[in-house]
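Coordinates in review
So you can see what is in the structure, the chains are spelled out below.
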Amino acid sequence: ATMRSQALTEARPEGEGKVARVMSKQSDKPRVSVIIPTHNRADWLPASLGSVLEQTYQNFEVLVVDDASTDNTEEVVKNFRSRKIRYFSHESQRGAPAARNMGLDHASGEFIAFLDDDDQWLPEKLALQVGKFDQSGDEVGLIYTYSAVVSSLSGETLYTFEVHPGGHQPIDFLETVTFTSSVPLIRRSSLSRVGGFDEALASAQDKDMWIRLAGECVFDYVPEVLVKRFVHGGQITADLGKKITGREQILDKYFDHLFQNPDTVAKHLWRLGVLYCVDEQFARGRGCFVGAIRQQPRRKGFYKHFLLATLAPGWHRRHLLRRYIASVDGVRIYS
C-alpha cells in the first residue's frame, strides 16, 4: 500500500502537467476566426487588417486568403508581424467565394467572421457580437450589425444600413439584401450545416449564404453601426454584367421558393428588367417586365416600364439610370 501511494504521489505531478498542457491548448485556441479574402488590394488591405487587429476583443485569429494577387499583397500581410495572422494563397485566381471557403477549411474558431479587403470594422464590433452570442441560446447562429456606406474619395458617410428584425426566413433574403459579408458573426456549426459559399455564382454569394442560413438558424443583431463599407469602382457592385448574371442565377437556384410568393418574384423580375435595360438588352428587359406583370397584374408601374422600354428605350434607359441606379463618386452601384 505504501509503495502504491508513493507511486501515485510521484505520478501526480506528471499527470497534472498533462492536464495543464491540455487546458492551456484549449485556452490558446481562438474563439473567433476572421477570414479576409483579397486580390490585388495591397493599398486597401492594411486599413482593413488593421481594423481587425485593433478590436477590443482579442481572442481571434486572422486568415488572409490571397486569390493569386500580382501586387505586393503577401509582403503587406507579412509586414504586420502578428502571430494572429495566417497567410494562404491560391496559385490561380478563383474568386472571393473560393477564398472564403479556403479560409473556412483552415479556421479553428467557434465563430466565423468575414471581412472584405476594402471594408473596415469599428473597434467594438467583435466584442459586442461575441457578447450577444454569450447571452443567446444555441438556436442563434448569426448576429449582424448596422453598417455605413462611405465614400472612398471624401471619407464621408453617405448612408447607413439599419436592418430591423422581422421574421428572418429564406424568403426575406430572396427579396432584398440587408447586409454584406463583412457584417455578421456566424456560429461555425451553423455554417457547417449549410456548407460553404457557392463558387458558381457570379455575384450575390452573400445573399445566397443568408438564404441558406436563414433556413437553419435564428438571426439576431446589434443595433449599432460597426462596419464601414467603402464605395469605389473596383467592386462587383459596379460590374453590371456580373450583377445581371448573379441575379439570373439566384432566380434559377431558388425558383421553387420564389414562386411561392408572387410579390417577391415580381420584384426580382422587375429589377432584372431594369438591369437589362440599363445594359441596353431591351428585349430581355421587356420580357422581365412581362413576367412581373403576370405575377402582379395590378401593379401599374410594371406596365409603365414595359411600354417605355418598347416605345422609347433610349429615354427609358436614361430615366432608369437617374432614378433607380445609385451613383457614388461617379461610380454606378448596381443591385
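Structural data are supplied above this passage.
What counts, and where the lines are drawn
- Residues numbered from 1 in each chain as written.
- Predicted model: local features only at pLDDT ≥ 70, side-chain atom pairs only at ≥ 80, totals over all residues.
- Heavy atoms only, no water.
- Helix = DSSP H or I, 4+ residues; strand = E, 2+ residues; numbered from the N terminus.
- Buried < 20%, exposed > 50% of the residue type's maximum accessible area, 1.4 Å probe, protein only.
- Contact = heavy atoms within 4.5 Å.
- Areas by Shrake-Rupley, 256 points an atom, 1.4 Å probe, with all protein chains shown as cover.
- Core = buried A, V, L, I, M, F, W, Y, C linked by side-chain atoms within 4.5 Å.
- Pairing = 2+ DSSP bridges.
- Phe/Tyr/Trp six-rings, centres within 6.5 Å; stacked < 30°, edge-to-face > 60°.
- Lys NZ or Arg CZ within 6 Å of the ring centre and 35° of its normal.
- Expected span 1.5 Å × (residues − 1).

**Structural notes on the overall build of the chain**
The helix and strand tally for the chain stands at 14 helices and eleven strands. Counting only residues that meet the buried cut, the chain has 47% of its 335 residues in that class. Summarising the internal contacts of the chain: among those between residues at least 6 apart in sequence, 73% fall at separations of at least 24. Here the chain displays about 16,600 Å² of accessible surface, and carbon together with sulfur accounts for 50% of that area.

**Some points on the nonpolar core**
Val-34 and Leu-213 are the most contacted members of the largest nonpolar core, which has 86 residues in total. With ten residues, the top contributor of residues to this core is helix α11 (residues 262-278). With sequence-adjacent residues up to four places away left out, Leu-213 is seen in contact with Leu-142, Ile-186, Ser-190, Leu-191, Val-194 and Phe-219.

**A short note on the pairing of strand β7 (residues 157-161)**
Two strands pair when backbone bridges link them, and strand β6 (residues 140-151) and β7 are joined in this way by four bridges, in the antiparallel orientation. In the sheet register, Val-149 faces β7, and the bridge partner there is Tyr-159. Joining the antiparallel neighbours β6 and β7 is a turn of five residues, in which Gly-155 adopts a positive phi near 80 degrees.

**Points about helix α2 (residues 45-53)**
Given 3.6 residues per helical turn, the α-helix brings residues three or four places apart onto the same face. Every buried residue belonging to α2 is among Leu-45, Ser-48, Leu-49, Gly-50, Ser-51 and Val-52, and all of these are buried. Summarising the contacts, the buried residues of α2 are in contact with β1 (32-38), β2 (60-66), α3 (73-78), β3 (85-89) and β5 (119-121).

**Side note on the environment of Ile-143**
With respect to the element layout, Ile-143 can be found in strand β6. Given the relative accessible area of 0%, Ile-143 is considered buried. Ile-143 sits 41 residues away from Pro-184 along the chain, and the two C-alpha atoms are 5.4 Å apart. Setting aside anything within four residues of it in sequence, one finds Ile-143 in contact with Gln-129, Lys-132, Phe-133, Val-183, Pro-184, Leu-185, Asp-220, Tyr-221 and Val-222.

**Section: the packing of aromatic side chains**
This structure, assessed with the given rule, holds nine aromatic pairs. Ring centres of Tyr-144 and Phe-179 lie 4.9 Å apart, and the angle between their planes is 20 degrees; on these two criteria the pair is classed as stacked. In this pair, Tyr-144 sits in strand β6 while Phe-179 sits in the loop between α6 (170-175) and β8 (185-187), placing the two residues 35 residues apart along the sequence. Just as Tyr-144 is buried, Phe-179 falls in that class too. Put simply, the rings of Tyr-144, Tyr-146, Phe-179, Trp-210 and Tyr-221 pair up and form one aromatic cluster. Above the ring of Phe-197, the side-chain terminus of Arg-100 is found at 5.3 Å from the ring centroid. Directly above the ring of Trp-121 sits Lys-125, whose terminal nitrogen or CZ lies 4.2 Å from the centroid.

**A word on helix α12 (residues 282-295)**
Helix length check: α12, at 14 residues, gives a terminal C-alpha distance of 20 Å against a target of 20 Å (1.5 Å per residue), a fit within 8%. For α12, the complete set of buried residues consists of Phe-282, Gly-285, Cys-288, Phe-289, Gly-291, Ala-292 and Ile-293. Buried residues in α12 make contact with α11, α13 (300-311) and α14 (313-323).

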